[in-house]
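# Descriptive structure summary
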Amino acid sequence: MTTHVVQEMIAFDFGLSLILLLVSIAFFSGIGITTIGPGGIFVTIALYSLTPLASSQVAGTAHATFIVTGLVGSAAYLHSGEMNTGESRAIAVVLSGSSVLGALVGASVNPFVPRSLFGLLLGGVAIAVGGIILYRERRGFSPIYDLEPLTRLGQAVLAGLGFVLGVASGLLGIGGPVLAVPALVLVGVPMLLAVAVAQVQSIFIATFAASGYFLQGNVLVPLAVVVGTPLLLGVVVGWRVAHVVDPEKLKVALGLVLLAVGPYLAL
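Residues numbered from 1 in each chain as written. Predicted model: local features only at pLDDT ≥ 70, side-chain atom pairs only at ≥ 80, totals over all residues. Heavy atoms only, no water.

## Here's the deal with the overall build of the chain
The number of helices and strands found in the chain is 11 helices and zero strands. For 267 residues, the compact-globule estimate of 2.2 N^0.38 gives 18 Å, and the chain sits close to it at 17 Å. Summarising its shape, the C-alpha atoms of the chain cover approximately 50 × 35 × 35 Å along the three principal directions. Counting over 267 residues, the chain shows a buried share of 53%. A sequence separation of at least 24 residues applies to 84% of the contacts in the chain between residues at least 6 apart. Accessible surface computed for the chain: about 11300 Å², of which carbon and sulfur atoms make up 71%. (Helix = DSSP H or I, 4+ residues; strand = E, 2+ residues; numbered from the N terminus. Rg over C-alpha atoms; globule rule 2.2 N^0.38 Å. Buried < 20%, exposed > 50% of the residue type's maximum accessible area, 1.4 Å probe, protein only. Contact = heavy atoms within 4.5 Å. Areas by Shrake-Rupley, 256 points an atom, 1.4 Å probe, with all protein chains shown as cover.)

Following this line, the structure appears as C-alpha cells:
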C-alpha cells in the first residue's frame, strides 16, 4: 500500500484497524463470488455500514472492484469448461448485453437516493437473497420457468431479466452474481453454470456502472485498489473451492449471515 493511498484513506478517517477489516471482508467476499455467487454483496455492505461514505461513493467504489474480479472469474470458469457450450455462451451474451443498459440506469438514479433509503434497499436485497438460499436448501423448489436459451422466447426472458438485474446492481453497487445466480437457478439454470455466467455478466455491469459513477466523481480509486486486491485473491481461491468442496455446504451459512445483516442495514 503506497503512502499516497494511505493518505487518501486517512482523509476519510479510515484507521488501520478499519482498513484491515475491509481487507479481510473483501477476501472472504471474493471466495463467495466464485463458489456460490452472492459474495460480492459483503463488500458493498462493509463499505456502507463501516464507513461514512455517501451511497454513490459506496456503489461506485464497489463496482470498480468488481470489474477485475469478473474478468478473472470468467477466465477461471472458461478454463474449467463451464463456458465452453453454445447454451452457456448464449445465456452470457444476452444476459450481459441487456444488463448494460440497466446498469447505466441504476447508476444514474443512485445520486438521487438518500443514504437511508439506500440502506433499506440493500438490506432488503440481503434478506431476500438469504431467504431464497435458505428456503431452497431446506425445502427445495422446482424452477419457476424452464429456460430454453437458444429459442427466441428464452432469449427474450433473459433480456428482460438482465435489464432488471442490471438496474438493481447498478443502483446498489452489488456485483452481478449476487442477484443473477439465484435468478438463473430459479429459471432452471444449473448452479455451477449460473455462477459461471454471472461472472461474465458482472464484467459488463461493473464496467458500465463504474464508468457512470466515475464520471460523477464517485469512484474512490485508492480505496478500490485496497479492497479489490484481496477480493481478487479470494475469487481465485473460491474458484478452486467450488470444484473441491460441495457448495451446498456453504450456502446455509451464507443465507444465515445475509438474513442477520439485512435488518441492520434496513434500520
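## With respect to the packing of aromatic side chains
Counted according to the given criterion, the structure contains two aromatic pairs. Seen from their ring centres, F27 and F28 are 5.3 Å apart, and the 75 degrees between their planes marks the pair as edge-to-face. A relative accessible area of 23% places F27 in the partly exposed class. Ring geometry for Y48 and F118: centres 5.7 Å apart, planes at 50 degrees, overall tilted. (Phe/Tyr/Trp six-rings, centres within 6.5 Å; stacked < 30°, edge-to-face > 60°.)

## Remarks on a nonpolar patch on the surface
Taken together, the side chains of L101, V105, V109, F163 and V164 make up a nonpolar region of the molecular surface, amounting to roughly 390 Å² of accessible area. Sorting the residues of the nonpolar patch by element identifies α5 (86-109) and α7 (152-172) as the ones contributing at least two each. Residue contributions to the nonpolar patch peak at three residues, all from α5. You can see V105 is positioned in helix α5. We classify V105 as partly exposed; its relative accessible area is 31%. (Patch = residues over 30% accessible without salt bridge, like charges linked within 9 Å, V, L, I, M, F, W, Y side chains within 5 Å. Salt bridge = Lys/Arg side-chain N within 4 Å of Asp/Glu carboxyl O.)

## Some points on the nonpolar core
Core analysis: the biggest nonpolar cluster contains 66 residues, and I41, L122, I174, L184, V189, V197 and L223 have the highest contact counts within it. Broken down by element, this core gets its largest block of residues, nine residues, from helix α9 (residues 191-215). Discounting residues that sit within four places of it in the chain, I41 has contacts with L122, V125, A126, I174, V178 and L258. Grouped together as the second largest cluster of nonpolar side chains are seven residues, A59, A103, A209 and V219 included. (Core = buried A, V, L, I, M, F, W, Y, C linked by side-chain atoms within 4.5 Å.)

## So, the side chain of S202
Within the fold, S202 resides in helix α9. Separated by 2.6 Å, the side chain of S202 and the backbone oxygen of Q199 make a polar contact. Look past the residues within four positions of S202 in its chain and what remains in contact with it is F66, G70, G176 and P177. (Polar contact = N/O pair within 3.5 Å; in protein donor to acceptor, adjacent residues only side chain to side chain.)

## Let's talk about helix α10 (residues 221-242)
Here α10 is 22 residues long and its end C-alpha atoms lie 30 Å apart, about the 32 Å a rise of 1.5 Å per residue gives. Of all the bends in α10, the greatest reaches close to 30 degrees and is centred on G228; the proline P230 follows between one and four positions later. (Expected span 1.5 Å × (residues − 1). Bend = angle between axes of the 7 residues up to and from the residue.)

## So, the packing of helix α3 (residues 41-50) against helix α4 (residues 55-79)
Put simply, α3 and α4 touch, their axes get as near as 9 Å, and they point 150 degrees apart. Of the possible angle classes, the one that applies to α3 and α4 is roughly antiparallel. Judged by the twist between their axes, the crossing of α3 over α4 is right-handed. Residues V43, T44, L47 and Y48 of α3 form the contact with α4, whose participating residues are V58, T61, A62, T65 and F66. A breakdown of the residues in the contact of α3 with α4 according to their chemical character gives six nonpolar, three polar and no charged. (Axes fitted to C-alpha atoms, helices over the stretch in contact; angles between N-to-C directions. Parallel < 35°, antiparallel > 145°, perpendicular 65-115°, else oblique. Left-handed = near helix turned anticlockwise from the far one by under 90°. Nonpolar A, V, L, I, M, F, W, Y, C, P; charged D, E, K, R; others polar.)

## Regarding the packing of α4 against α9
The N-to-C vectors of α4 and α9 enclose an angle of 140 degrees; their axes lie 7 Å apart at closest approach. With respect to α9, the element α4 is oriented oblique. Remark: the crossing between α4 and α9 carries left-handed chirality. Split into classes, the residues belonging to the contact of α4 with α9 amount to 16 nonpolar, 10 polar and no charged.

## Considerations on the confidence of the model for the chain
Predicted confidence across the chain gives a mean pLDDT of 84, with 90% of residues reaching 70 or more. Of the regions scoring below 50 in pLDDT, residues 1-11 engages in 10 contacts with residues more than four places distant in sequence or in other chains. (pLDDT = per-residue confidence, 0-100.)

## What to know about α5
When the terminal C-alpha atoms of α5 are compared, their 35 Å separation across 24 residues agrees well with the 34 Å that a helix rising 1.5 Å per residue should span. Along its length, α5 reaches its greatest deviation from straightness, about 30 degrees, at V100.

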